[in-house]
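Structural overview
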Amino acid sequence: MAVAEAQLYAKVSNKHRSRSTSALLEPLLAKGFPAHVAQKALVATGQNTIEDAAKWLHSHCNDPSLDDPIPQEYALYLCPTGRLHSRLQDFWKESKRQCGKNRAHEVFPHVTLCDFFPCEDQKVELLYDILKRVGDSFSQSFPPSISLTLHASPSYLGFFIDDSQANVLKEFAVAFSSEASALADCHVKPSLKQFHLTLAHRFYPHHQKTLEQLAKCINPGEPCQWVAALYSRDMRFVHYQRLRALFQYKPQNIDELMINAGDLIYVDPTHQRDVSEGWVIGTSHRTGCRGFLPENYTEKAHESDTWVKHREYVFETASRSFTKTEREPNVKLNGEAHNPSMSRSVTNVLSLQNAALRRGVLVMRHGERVDQVFGKSWLQQCLTADGKYYRADLNFPSSLPRRKDSMQQFECDPPLSCCGIFQSRLIGEALLDQEVTVSYVYSSPALRCVQTAQHLLQGLRLNQKVKIRVEPGLFEWTKWEASRAIPNFMTVAELVEASYNIDTSYRGNFPPSSLVPSESYEDYVSRSSAVIKQIITACPSKGKGVILIVGHGSSLASLTRALTGLPSRDSGDCAQMVRKIPSLGMCFCEELKEENKWQMVNPPVKTLTHGANAAFNWRNTIME
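Now for a quick tour of the structure.

Cut-offs applied
- Numbers given for residues are sequential positions, taken from 1 along each chain in its written order.
- Confidence filtering applies because this is a predicted model: local features only for residues at pLDDT of at least 70, side-chain atom pairs given and counted only at 80 or more, and all residues used for totals across whole chains, interfaces and linings.
- Only hydrogens and water are set aside when side-chain values are computed; all heavy atoms of the structure are taken into account.
- Secondary structure elements are defined from DSSP: runs of H or I of at least 4 residues count as helices, runs of E of at least 2 residues count as strands, and each element is numbered from the N terminus.
- Think of it in three bands: residues with accessible area under 20% of the maximum for their type are buried, residues over 50% are exposed, and the middle band is partly exposed, with areas taken using a 1.4 Å probe on protein chains only.
- Here a residue-residue contact requires only that any non-hydrogen atoms of the pair lie within 4.5 Å.
- Each accessible area is a Shrake-Rupley estimate made with a 1.4 Å probe; only the visible protein chains count as cover when residues are assessed.
- In the cavity and pocket records, a cavity denotes points on a 1 Å grid over the protein atoms alone where a 1.4 Å probe fits but cannot get out, a pocket denotes an open set with protein on both sides within 12 Å along at least 5 of 7 lines, and lining residues are residues with an atom within 4 Å of a point.
- Grid points are joined across faces, edges and corners, and a volume is the space filled by probe spheres set on the points.
- For this scheme, ten residues count as nonpolar: Ala, Val, Leu, Ile, Met, Phe, Trp, Tyr, Cys and Pro. Four count as charged, namely Asp, Glu, Lys and Arg, and the remainder, Gly too, count as polar.
- Pairing of aromatic rings covers Phe, Tyr and Trp, the last through its six-membered ring, and needs centres within 6.5 Å; plane angles under 30 degrees mean stacked, over 60 mean edge-to-face, and all others mean tilted.
- Consider the ring centre and the ring normal. A charge sits over the ring if Lys NZ or Arg CZ is within 6 Å of that centre and within 35 degrees of that normal.
- The pairing criterion for strands is at least two bridges between them, as found by DSSP.
- Axis definition: a line fitted to C-alpha atoms, limited for helices to the stretch in contact. Angles are taken between N-to-C directions and run from 0 to 180 degrees.
- Note on terminology: a nonpolar core comprises buried Ala, Val, Leu, Ile, Met, Phe, Trp, Tyr and Cys residues joined through side-chain atoms within 4.5 Å.
- Think of a salt bridge as a Lys or Arg side-chain nitrogen and an Asp or Glu carboxyl oxygen that are within 4 Å of each other.

Quick word on the overall build of the chain
A tally of regular secondary structure across the chain gives 18 helices and 18 strands. Looking at the chain residue by residue over its 624 residues, the buried ones come to 51%. A sequence separation of at least 24 residues applies to 77% of the contacts in the chain between residues at least 6 apart. With the model as given, the accessible surface of the chain reaches about 30,000 Å², and the carbon-plus-sulfur share is 51%.

Here it is in structure tokens:
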């Protein structure tokens with residue numbers, strides 16, 4: 001048992017347990033569920049219905065923590081609804097698109113009244129009663145409208161609440177915390193600092209101007225109905241990352257986790273270092289079970305996606321002046337509720353910024369390489385006794401390009417697999433479908449990158465119009481080379497002879513001889529920064545075409561972060577990040593010419609996800 005969990009057990013094991021039962025609890029007890037398990041199910045589902053609790057119990061039948069006495073943590077938030085909430089959601093969505101995710105995106109728009117505190121399962125109903133009673137006592141003194149003033153700093157953007165109104169909210173929070181502490185035996189701390197509604201937090205300073213422009217499009221005087229809402233979270237996973245399953249995965253081994261599309265997974269970052277590449281170990285929010293799962297079956301989720309909404313108290317205010325057709329849906333927990341009607345002011349800002357877009361840079365990882373499938377000794381599997389190449393598996397390339405030096409050089413500079421070729425063409429065709437205009441193509445000298453660029457251009461139907469500029473400076477961090485030496489890349493002449501559409505007039509900014517074995521991470525970052533700047537300078541800025549760069553997993557961060565002005569990751573973070581980037585993973589940057597900067601936005605096409613297809617021996621499998 002982990003030390004942190006042991007402390008949690010000790011904290012709650014000696015608590016006095018109430019014998020009161022609710023109307024929802026009795027039917028579950030009648031079905032034979034132990035009281036503490038039934039109460040846990042009710043709390044985990046917000047004490048909504050017996051059906052929800054029974055479904056939860058069925059899903060958690062193999063949960064090893066089902067009998068654990070650890071309670072949930074609860075927080076009391078004041079949340080806006082109506083038009084103001086809709087405008088805030090517009091900001092959430094647009095700020096994430098233009099500036100990337102910041103800490104505020106983890107939770108929906110809110111004002112903190114009481115921060116998280118533990119409460120025993122059997123006493124949660126007391127919190128409901130206290131919320132209603134305190135809400136009723138403040139219903140007449142609650143401000144008819146709340147004045148919000150925009151405040152900005154290099155790391156924070158949000159609305160501050162007027163002092164006189166904030167004092168009423170503080171009194172409400174103090175009253176709730178006092179009763180909860182006395183009646184439900186909870187240690188509740190009311191928020192007594194400056195009351196605020198955060199818009200952005202812990203963002204990069206150079207994004208401040210863009211975020212402020214978007215925030216000024218929010219009219220804080222929009223009709224709004226404020227709701228005091230009680231939320232809970234599992235205190236065991238407070239510091240864990242959250243992932244959302246994109247696809248179903250059925251375990252192939254006993255230590256793997258069954259997941260369905262939409263499942264939320266808790267992942268402890270400190271437990272991932274010894275996990276095989278492409279896998280993570282996590283705990284399912286839906287079932288409570290733990291195991292390994294493929295990382296490319298998931299995407300990052302928000303912290304509040306795993307929270308449970310329990311009860312709310314709606315304050316009737318004078319600003320509630322909208323009709324039924326103008327009502328917005330309740331607060332969404334993921335902070336990204338879809339609103340089809342974008343506010344006119346936000347749209348105007350976007351149109352001005354879109355007008356300033358001039359160029360795009362699409363950085364892409366190469367396709368699947370043969371050694372990724374067949375291991376480092378792949379070449380030995382497809383050489384005859386006299387040293388000739390043959391196709392030992394349909395995923396091996398049908399042939400290898402001719403090179404003057406030894407064929408053994410392919411071991412350090414492997415080609416694409418046939419699936420890698422298919423992936424590249426498929427992405428090229430998808431770019432063509434989206435009418436992406438590629439004007440320039442740059443490639444790392446690695447054969448797999450040149451081949452990826454070639455087949456991307458074939459899918460785009462540009463293989464006769466756009467030539468590939470081979471840039472040695474785009475090669476990956478040389479410290480990762482297993483041979484501890486720089487591969488002997490195929491020469492431009494050899495690539496042309498093998499029918500690759502190479503720009504023979506291009507002279508790279510970094511000749512192959514400049515690549516140093518086992519270079520430091522700082523040198524790699526510096527090289528990447530220099531090469532992306534030289535590429536941008538070499539491509540005229542008059543047109544709106546896309547500069548396509550085919551590199552390696554590390555290229556997606558080292559090139560785009562240098563281009564957008566973001567600081568580089570440290571070497572440890574970089575290694576963890578590269579593990580998560582699939583074949584043909586991509587990042588897209590757009591130029592904001594009038595602001596003399598670049599911003600990262602969604603790529604024009606989705607990436608390609610597929611499962612593994614193991615080797616099959618019919619004799620061993622069927623006959624024996």
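Once the structure has been displayed, the description carries forward.
Thoughts on empty space enclosed by the protein
Inspection of every chain in the model, using the stated rule, returns 3 cavities of 30 Å³ or more. Of the voids in this model, the second largest cavity is the one considered here, and its volume is about 50 Å³. In terms of lining, the second largest cavity is formed by Gln 98, Cys 99, His 206, His 207, Thr 210, Thr 564, Leu 592, Lys 597, Trp 598 and Gln 599. For the lining of the second largest cavity, the secondary-structure elements that each account for two or more residues are helix H5 (82-99) and strand E18 (597-601). In terms of residues, the lining of the second largest cavity owes the most to one element, E18, which gives 3 residues. For the lining of the second largest cavity, a count of residues per class yields 3 nonpolar, 6 polar and 1 charged.

Some details on the packing of aromatic side chains
According to the stated counting rule, one finds 28 aromatic pairs in the structure shown. Centroid distance Phe 172 to Phe 315: 5.5 Å. Interplanar angle 80°. Geometry classified as edge-to-face. A residue pair is termed long-range when its members are at least 10 positions apart, and Phe 172 in helix H7 (residues 163-183) and Phe 315 in the loop between strand E12 (308-314) and helix H9 (344-355) qualify at 143 residues. Across the pair, Phe 315 and Phe 172 agree in class, each one buried. On the numbers, 6.0 Å between centres and 80° between planes, the contact of Tyr 249 with Trp 279 is edge-to-face. Of this pair, Tyr 249 sits in the loop between strand E7 (241-245) and strand E8 (264-267) while Trp 279 is found in strand E9 (residues 279-284), placing the two residues 30 residues apart along the sequence. The exposure class of Trp 279 is partly exposed, given its relative accessible area of 25%. Taken together, the ring pairs in this structure connect Tyr 77, Phe 108, Phe 116, Tyr 231 and Trp 307 into an aromatic cluster. Above the face of the Phe 116 ring, Arg 233 is positioned so that its terminal group lies 3.7 Å from the ring centre. Here the basic side chain of Arg 311 rests over the ring of Tyr 128, its NZ or CZ set 4.3 Å away from the ring centre.

Here we look at the sheet that holds E7
Taking strand neighbours across the sheet as the criterion, the 5 strands line up as E10-E9-E8-E7-E11 in an open arrangement whose pairing is antiparallel. Strand pairing shows two members of the sheet lacking a second neighbour, strand E10 (290-294) and strand E11 (298-300), which therefore form its edges. Taking the axes of each pair of neighbouring strands and ignoring which way they run, one obtains an average angle of 45° across the sheet. Inspection of the sheet shows E7 paired to E8 by 4 bridges, in the antiparallel sense. Of the residues in E8, the one forming a bridge with Leu 243 is Ile 265.

Comments concerning the nonpolar core
By size, the foremost hydrophobic cluster in this structure holds 53 residues, and its most contacted members are Leu 127, Phe 176, Leu 199 and Trp 226. By size, the runner-up hydrophobic cluster in this structure holds 44 residues, among which are Leu 362, Cys 382, Ala 453 and Val 466.

Describing the side chain of Arg 233
Checked against the element boundaries, Arg 233 lands in strand E6 (residues 224-234). Filtering out sequence-adjacent residues up to four positions away, Arg 233 remains in contact with Gln 72, Glu 73, Phe 116, Val 238, Glu 303 and Trp 307.

Regarding the pairing of strand E1 (residues 72-81)
Along any regular strand the residues' side chains alternate between the sheet's two faces. Across the 10 residues of E1, 10 count as buried, placing the element largely inside the fold. Burial along E1 is two-sided: the residues Gln 72, Tyr 74, Leu 76, Leu 78 and Pro 80 and Glu 73, Ala 75, Tyr 77, Cys 79 and Thr 81 are all buried. Both E1 and strand E2 (residues 111-119) contribute to a ladder of 6 bridges, which runs antiparallel. Bridge pairing links Glu 73 to Pro 118 in E2.

Quick notes on the pattern of salt bridges
Any two side chains of opposite charge can pair if their charged atoms end up close together. Overall, the coordinates contain 24 salt bridges when judged by the stated rule. Put simply, Asp 371 and Lys 376 hold a salt bridge, and the shortest N to O gap is 3.3 Å. Taking relative accessible area as the criterion, Asp 371 reaches 9% and is therefore assigned buried. Within this structure, Glu 73, Arg 103, Arg 233 and Glu 303 form a network of salt bridges that share partners.

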